[in-house]
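The primary structure of each chain is shown beneath.
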Amino acid sequence: MVITAQLTNTAVQYRYSTYYDSPSPRSFYFGLSVIIHCPFLQANTTTFIFLPLLVPLPLSFDRANNQNLTVIMPTVSVKWQKELYPAVEIDTAQPPYVFKCQLYDLTGVPPERQKIMVKGGILKDDSDWSKLGLKEGQKLMMVGTADEIVQAPEKGPVFMEDLPEEEQVVAVGHSAGLFNLGNTCYMNSTMQCLHSVPELKSALIEYPQSGRSNGLDQSSHLLTVATRDLFNELDKNVKPVAPMQFWMVLRKKYPQFGQLHNGSFMQQDAEECWTQILYTLSQALRSPSTSANLDTVKELFGIDLVSRVHCAESGEESIETESVYSLKCHISHEVNHLHEGLKHGLKSELEKASPSLGRSAVYLKDSHINGLPKYLTIQFVRFFWKRESNQKAKILRKVDYPLELDIFDLCSDDLRKKLEAPRQMLRDEDGRKAGLKLKQKSSASVDNDVKMSDAAEGSSNGSGESSKAALGGGAASDKNAQLTGVYDLVAVLTHKGRSADSGHYVAWVKQENGKWIQFDDDNPIPQREEDIPKLSGGGDWHMAYICMYKARTIPM
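These numbers were taken from a predicted model, which means no experiment stands behind them. (Residues numbered from 1 in each chain as written. Predicted model: local features only at pLDDT ≥ 70, side-chain atom pairs only at ≥ 80, totals over all residues. Heavy atoms only, no water.)

A. Inspection of helix α1 (residues 96–107) at higher detail. Between its first and last C-alpha atoms α1 spans 16 Å; for 12 residues at 1.5 Å apiece the expected length is 16 Å, and the two agree. Regarding α1, the residues found buried are Pro96, Phe99, Lys100, Leu103 and Thr107. For α1, the angular spread of buried residues about the axis comes to 100°, placing them on one side. Gly108 sits one or two residues past α1 and shows a positive phi near 85°. (Helix = DSSP H or I, 4+ residues; strand = E, 2+ residues; numbered from the N terminus. Expected span 1.5 Å × (residues − 1). Buried < 20%, exposed > 50% of the residue type's maximum accessible area, 1.4 Å probe, protein only. Arc of directions from axis to C-beta.)

Here it is as structure tokens:
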């Protein structure tokens, strides 16, 4: 390496970057700085002014032509392992650490691991080059271990848009949205909620593409196939899906969803759409291969009710049983919470013929839950027929609902007894998660729990059906799990507006990864869980119309 200082009639100018502390005893020095100008005393004299150099350099000055001042850098060869690196320049104006950095670039051995043999021992980072007696072409020996060479990645970075659609769905964390085909938000929100039930999707996958062995009509078969195909499209796409085929089949099966007003399709009631789709699927997904004619939809969503029907006037009393797909939360001025509305919904008055009185009489119907589903659907009864305007009006009252719902006190006495053991197991499990020490159960207590569990499995409900378990209920295709009467919120269908025949429906669905997504037609928007219970009404904003809860189970 050569540093040249060019002399002109007015100045000496040369460049370097580092400044040092210790002066050298040599008599001829350079001042090291970024740019240094040294004006001549006289233009034709041979006297120069130099700033004192702090590190001595070998100098060569051509006084004859008075032009070039040259600094000469020695070169050495360095042997490391089996490699020999010739003509390595040493800048003696820099400390030895800089030389070690040069060798790091050549060998990959970090400076702190290098041991370079020189006269007097090992070269230190701050050694004085002038005292080492280096000679041009001298051979130096270096010992040290190189850093592991970083291998280039086998695969380069992959961008989201380059992934297959199925992998994009996993990366994004939610499925696709649905295009609004013209006032079809009621249908889109319904399908997004039902799509969140993995057991329903599994049953649809097993449904045959052709052939109806259980006497199903053609339109119901086509709607079931269209539902399965739409769910598959949602699962494998990130971009919004147009549910055209499903909508056409839905209108063919249920013509009310194809009503027109001024040439445009009318807004419809999402709860009616939900109910009709579940009814169709319950007919299609029955298993003809078993004597029990297993109904998958009933197993997942069916709620067994037992009711005491009493006439105060005649004293008549009877016990009735029925199975429904949802509970009703009736809203009145006294109802501020979902639980209160459910209690109101399980009590009703009806008028029917009294055999003993020979005429119509008023009966009081008091219902209790006698069989639990795996997915509990609750409808907020917000719409009623307003005679003055001859249309459905909406109750805007705020009704709070929880993320965790316990319906133990809404169950029949028989079901409560069967729920006691799994509920105790659930409390114990929650206590363990909270770090609480649990008292050791006696062997008698454990045996009693097992007996209660066995009794729950073998019992039957009032309708004579094998109790969908009053425990595992319709619930559980997984026979190793017991229901507890405790449910976690997994989907909310909301309505914004003041009439069932107008406004806008949106689905708010909890994904498998625990995150909530607002499906506003074709626009999925992430939401915070703490904001979901705020959709409770009280204004013109989105308010809960249908809530779907998933059962919290305990392993046997």
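B. Here's a closer look at the sheet that holds strand β10 (residues 139–143). Spatially, the five strands line up as an open sheet ordered β7-β6-β10-β8-β9, and their pairing is mixed. Each edge of the sheet is formed by a strand with only one pairing partner; in this case those strands are β7 (83–89) and β9 (121–122). Pairing geometry for strand β6 (residues 75–80) and β7, over five bridges, is antiparallel. Each residue of the ladder has a partner; that of Val76, found in β7, is Val88. (Pairing = 2+ DSSP bridges.)

C. Inspection of the pairing of strand β16 (residues 347–354) at higher detail. Taken together, the eight bridges between β16 and strand β17 (residues 359–371) define a ladder with antiparallel strand orientation. Looking across to β17, one finds that Glu351 is bridged to Val362. The hairpin turn running from β16 into β17, its antiparallel successor, is four residues long, and Gly358 in that turn takes a positive phi close to 70°.

D. Examining the pattern of salt bridges more closely. Enumeration over the complete set of coordinates arrives at 26 salt bridges. Put simply, Lys253 and Asp217 hold a salt bridge, and the shortest N to O gap is 3.4 Å. Highlighted residues: Lys253 in helix α6 (residues 244–253) and Asp217 in the loop between α4 (198–205) and α5 (218–236), separated in sequence by 36 residues. The partner of Arg228 in a salt bridge is Asp229, with the nearest N and O atoms 3.5 Å apart. (Salt bridge = Lys/Arg side-chain N within 4 Å of Asp/Glu carboxyl O.)

E. Summary view of a nonpolar patch on the surface. A surface patch of nonpolar side chains, about 330 Å² in accessible area, is lined by Met117, Ile122, Met141 and Val143. The topology assignment puts Val143 in strand β10. According to the relative accessible area criterion, Val143 is partly exposed, its value standing at 44%. (Patch = residues over 30% accessible without salt bridge, like charges linked within 9 Å, V, L, I, M, F, W, Y side chains within 5 Å. Areas by Shrake-Rupley, 256 points an atom, 1.4 Å probe, with all protein chains shown as cover.)

F. Broad picture of the sheet that holds β16. An order of β14-β13-β17-β16 is seen for the four strands of this open sheet, with the pairing classed as antiparallel. Each edge of the open sheet is held by one strand with a lone partner, namely β14 (317–324) and β16. With direction set aside, neighbouring strand axes in the sheet form an average angle of 35°. With seven bridges connecting them, strand β13 (residues 303–310) and β17 associate as antiparallel partners. Paired with Asp304 across the strands is Gly371, a residue of β17. (Axes fitted to C-alpha atoms, helices over the stretch in contact; angles between N-to-C directions.)

G. Region of interest: helix α3 (residues 185–195). Most of α3 is tucked away: 11 of the 11 residues are buried. Of all the positions in α3, only Cys185, Tyr186, Met187, Asn188, Ser189, Thr190, Met191, Gln192, Cys193, Leu194 and His195 are classed as buried.

H. A look at the packing of α4 against α5. Relative to each other, α4 and α5 sit at 120°, their axes nearing to 10 Å. The pairing of α4 with α5 is recorded here as oblique in orientation. The chirality of how α4 crosses α5 is left-handed. Of the residues in α5, those touching α4 at Leu200, Lys201, Leu204 and Ile205 are Thr224, Thr227, Arg228, Phe231 and Asp235. Counted by class, the contact of α4 with α5 contains four nonpolar, two polar and three charged residues. (Parallel < 35°, antiparallel > 145°, perpendicular 65-115°, else oblique. Left-handed = near helix turned anticlockwise from the far one by under 90°. Contact = heavy atoms within 4.5 Å. Nonpolar A, V, L, I, M, F, W, Y, C, P; charged D, E, K, R; others polar.)

I. Here's a closer look at the packing of aromatic side chains. According to the stated counting rule, one finds eight aromatic pairs in the structure shown. Taking the centre distance of 5.8 Å and the plane angle of 25° together, the rings of Tyr186 and Phe257 count as stacked. Here Phe257 lies in the loop between α6 and β11 (260–261) and Tyr186 lies in helix α3, a separation of 71 residues in the sequence. Of the two residues, Tyr186 and Phe257, neither departs from the other in class, the shared state being buried. Each ring, one from Phe301 and one from Tyr375, has its centre 6.0 Å from the other, and the planes form 40°; the classification is tilted. (Phe/Tyr/Trp six-rings, centres within 6.5 Å; stacked < 30°, edge-to-face > 60°.)

J. Representation of the nonpolar core. Membership of the largest hydrophobic core comes to 51 residues, with the highest contact counts inside it found for Leu200, Phe246, Leu250 and Phe301. Ranked by the residues each element gives to this core, the list is headed by helix α7 (residues 270–284), at seven residues. Contact partners of Leu200, with chain neighbours within four places excluded, come to Leu194, Phe231, Leu281, Leu285 and Leu300. Counting residues in hydrophobic clusters, the runner-up holds 35 residues, among them Phe380, Val399, Leu535 and Ala551. (Core = buried A, V, L, I, M, F, W, Y, C linked by side-chain atoms within 4.5 Å.)

K. Just the environment of Leu410, in detail. Tracing the backbone shows Leu410 in the loop between β21 (404–406) and α10 (413–433). The class of Leu410 is buried, set by a relative accessible area of 3%. The spacing of Leu410 and Leu342 is 68 residues in sequence and 8.3 Å in space, taken between C-alpha atoms.

L. Local environment of the environment of Ser189. When you line up the elements, Ser189 lands in helix α3. By relative accessible area, Ser189 is classed as buried at 1%. Between the C-alpha atom of Ser189 and that of His495, which follows or precedes it by 306 residues, the distance is 9.9 Å. If we ignore the near neighbours within four places in the chain, the residues touching Ser189 are Leu493, Tyr505, Val506 and Ala507. Separated by 2.9 Å, the side chain of Ser189 and the backbone oxygen of Cys185 make a polar contact. (Polar contact = N/O pair within 3.5 Å; in protein donor to acceptor, adjacent residues only side chain to side chain.)

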